[in-house]
Amino acid sequence: LRDTGAMSTGDALRLERPADGVVRLTLARPDKRNALSIALRDEISDALDALADDDTVRAVIVTGEGSTFCAGFDLSEFTVDDAEFQQRLWASSDRYHRTVLCFPLPIIAAVNGPALAGGFDLAVMCDIRVAADTAVFAHPENRFGDVVYGPLHALVGGSIARDLCLTGRRIDAAEALAMRIVSRVVAVEELAAVALDMAVQMAAAPREVSMRTKAKALRAAGVDPDAPTLSL
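Thresholds applied
The written sequence of each chain sets the order in which its residues are numbered from 1. Per-residue local features of the predicted model are confined to residues with pLDDT of at least 70, and side-chain atom pairs are confined, for both listing and counting, to 80 or more; whole-chain, interface and lining totals are unaffected and use all residues. The basis for the side-chain values is all heavy atoms of the structure; hydrogens and waters are excluded. Helix and strand assignments come from DSSP, with helices taken as H or I runs of at least 4 residues and strands as E runs of at least 2, each series counted from the N terminus. Taken over C-alpha atoms, the radius of gyration is set against a globule rule of 2.2 Å times the number of residues to the power 0.38. Buried residues are those whose accessible area, probed at 1.4 Å on protein chains only, stays under 20% of the maximum for their type, while exposed residues exceed 50% and partly exposed ones sit between those limits. Contacts between residues were defined by any pair of non-hydrogen atoms, one from each residue, lying within 4.5 Å. Accessible areas in this description were obtained via Shrake-Rupley with a 1.4 Å probe; residue shielding takes into account the shown protein chains only. When charges are tallied, Lys and Arg are placed among the positive residues and Asp and Glu among the negative ones, while His and the ends of the chain are skipped. Here the site of a charge means NZ on Lys, CZ on Arg, CG on Asp, or CD on Glu. Any carboxyl oxygen of Asp or Glu within 4 Å of a side-chain nitrogen of Lys or Arg constitutes a salt bridge here. Strand pairing is assigned whenever DSSP detects at least two bridges linking the two strands. In what follows, a disulfide is any cysteine sulfur pair within 2.5 Å. Working convention: axes come from line fits to C-alpha atoms, limited for helices to the stretch in contact. Angles between N-to-C directions cover 0 to 180 degrees. Here a crossing is taken to be left-handed if its near helix is turned anticlockwise relative to the far helix by less than a right angle, and right-handed if that turn runs clockwise. Residues are grouped as follows: Ala, Val, Leu, Ile, Met, Phe, Trp, Tyr, Cys and Pro are nonpolar; Asp, Glu, Lys and Arg are charged; all remaining types, including Gly, are polar. The arc in question is the one spanned by the directions pointing from the helix axis to the C-beta atoms. Expected span, for any helix, means 1.5 Å times one less than how many residues it has.

Colleague: Teacher, can you tell me more about the overall build of the chain here?
Modeller: Looking only at helices and strands, the chain features 8 helices and 10 strands. A compact globule built from 232 residues should have a C-alpha radius of gyration of about 17 Å, and the chain, at 16 Å, falls within 12% of that. Dimensions of the chain along its principal axes, counting C-alpha atoms only, are 45 × 40 × 35 Å. Expressed as a percentage of its 232 residues, the buried residues of the chain come to 53%. Pairs at least 24 apart in sequence give 67% of the contacts found in the chain among residues at least 6 apart. Here the chain displays about 10,500 Å² of accessible surface, and carbon together with sulfur accounts for 53% of that area. Mean positive and mean negative side-chain charge positions of the chain (24 and 33 charges, respectively) differ by 4 Å.

Colleague: Would you mind showing me how to read the pattern of salt bridges here?
Modeller: A pair can form between side chains of opposite charge whenever their charged atoms are brought close. This model, assessed by the stated rule, comprises 12 salt bridges. Taking the shortest distance from any N to any O, the salt bridge between D46 and R95 comes out at 2.7 Å. In this pair, D46 is assigned in helix α1 (residues 38-52) and R95 in helix α2 (residues 83-101), connecting sequence segments 49 residues apart. Assessed through its relative accessible area of 22%, R95 is described here as partly exposed. Here R95 ties to D49 by a salt bridge, and the two come within 2.9 Å at their closest N and O atoms. Here the residue R95 occupies a position in helix α2, and D49 occupies one in helix α1, the gap between them amounting to 46 residues.

Colleague: Hey, could you run me through the sheet that holds strand β8 (residues 136-138) in this one?
Modeller: In any sheet, the strands associate via hydrogen bonds between backbone groups, in a parallel or an antiparallel arrangement. The 3 strands are arranged β6-β8-β9 in an open sheet whose pairing can be described as mixed. One side of each edge strand has no neighbouring strand; the edge strands of this open sheet are β6 (115-116) and β9 (171-172). Across 2 bridges, β6 lies against β8 in parallel orientation. Paired with A115 across the bridge in β8 is F137.

Colleague: It is not clear to me how the state of the cysteines should be interpreted in this structure. Could you clarify?
Modeller: Covalently bonding the sulfur atom of one cysteine to the sulfur atom of another cysteine gives a disulfide. Inspection of every chain in the model, using the stated rule, returns 0 disulfides. Summary of cysteine pairing: C126 is not part of a disulfide, and the nearest cysteine sulfur, belonging to C70, is at 11 Å.

Colleague: Please clarify how the packing of α1 against α2 should be interpreted in this entry.
Modeller: Helix-helix packing: each pair is described by the crossing angle between the helix axes and the interaxial distance. Remark: α1 packs on α2, axes separated minimally by 9 Å, with the N-to-C direction vectors making an angle of 35 degrees. Regarding α1 and α2, the two cross each other, and that crossing is left-handed. Contact residues: I38, R41, D42, I44, S45, D46, L48 and D49 in α1; F85, R88, L89, S92, S93, R95, Y96, T99 and V100 in α2. Residue composition of the contact of α1 with α2, grouped by class: 7 nonpolar, 4 polar and 6 charged.

Colleague: Sorry if this is basic, but what is going on with helix α5 (residues 158-167) here?
Modeller: Every α-helical turn comprises 3.6 residues, leaving residues that sit three or four positions apart pointing alike. Residues G158, I160, A161, L164 and C165 constitute the buried set of α5. The buried residues of α5 occupy one face: seen down the axis, they fall within an arc of 165 degrees. What points out from α5, more than 90 degrees from its buried face, is the exposed set S159, R162 and L166. Two residues or fewer after α5 comes G168, characterised by a positive phi angle close to 75 degrees.

Colleague: What exactly am I supposed to notice about α1 here?
Modeller: Taking 1.5 Å of rise per residue, the 15 residues of α1 would be expected to cover 21 Å, and the 21 Å separating its terminal C-alpha atoms lies within 8% of that figure. Along α1, the residues classified as buried are I38, L40, R41, E43, I44, S45, A47, L48, L51 and A52. Looking at the buried side of α1, the elements it contacts are β2 (13-19), β3 (22-27), β4 (59-64), α2 and α8 (207-221).

Colleague: I keep staring at the environment of A204 and nothing clicks. Help me out?
Modeller: By secondary structure assignment, the location of A204 is in the loop between α7 (191-203) and α8. What makes A204 exposed here is its relative accessible area of 66%. For the pair A204 and G21, spaced 183 residues apart in sequence, the C-alpha to C-alpha distance is 8.3 Å.

Colleague: What is the right way to read unusual backbone geometry from this model?
Modeller: Apart from glycine, the bulk of residues carry a negative phi angle, and the bulk of peptide bonds sit in the trans form. One non-glycine residue with positive phi stands out, namely R33, at about 55 degrees. Tracing the backbone shows R33 in the loop between β3 and α1. The exposure class assigned to R33 is partly exposed, which follows from its relative accessible area of 39%. Here R180, not a glycine, exhibits a phi torsion of approximately 65 degrees, which is positive. Note on placement: R180 falls in the loop between α6 (173-178) and β10 (184-186).

Right, here's the structure in full:
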């Protein structure tokens, strides 16, 4: 993880502070469509844990580098035939989901392109989603493994969640807006500025007030901080 005020590449996750009280986390594996490897999940978890304890932070943006928001988990890691590695894979996954879901401050997902499988989950686990007109959402992993269902159900209800999780069908940004999965759809070149403007509005609230509101939202959603990945 590199904390920088300027654009930089080469790390799995990039941290920037584009405005007072606002942190932007950028998934920076564009060659892998920002797939969530163990390393990237751990960097996200480490970063959010640190930001939760940083009194200067009042809002966070999560986005992807390049044309993809996130293509989901790095499937190449699931084929590694090593019991210790597989144990680390699932421990990393459980911590990552818990950390993102239970982060005590507001998070905006700036969805700059496809958000698939675990990338769809990442967007849904944030508090607000603003999407580029190039964004698409889907759960293609339903063809070979378990789908994380609970956070989407909490967001849009059972009818839409079952539709998307059981069929795995793709929806574009316009349909995601109609389903209220995203709050806004904007031109891809406007996405960063729109997300930042929303984050600045959030950061205008006192940190302790936002934390109390977020805690209420988590309680209302019935979030279980101890639930493992495969139970979500």
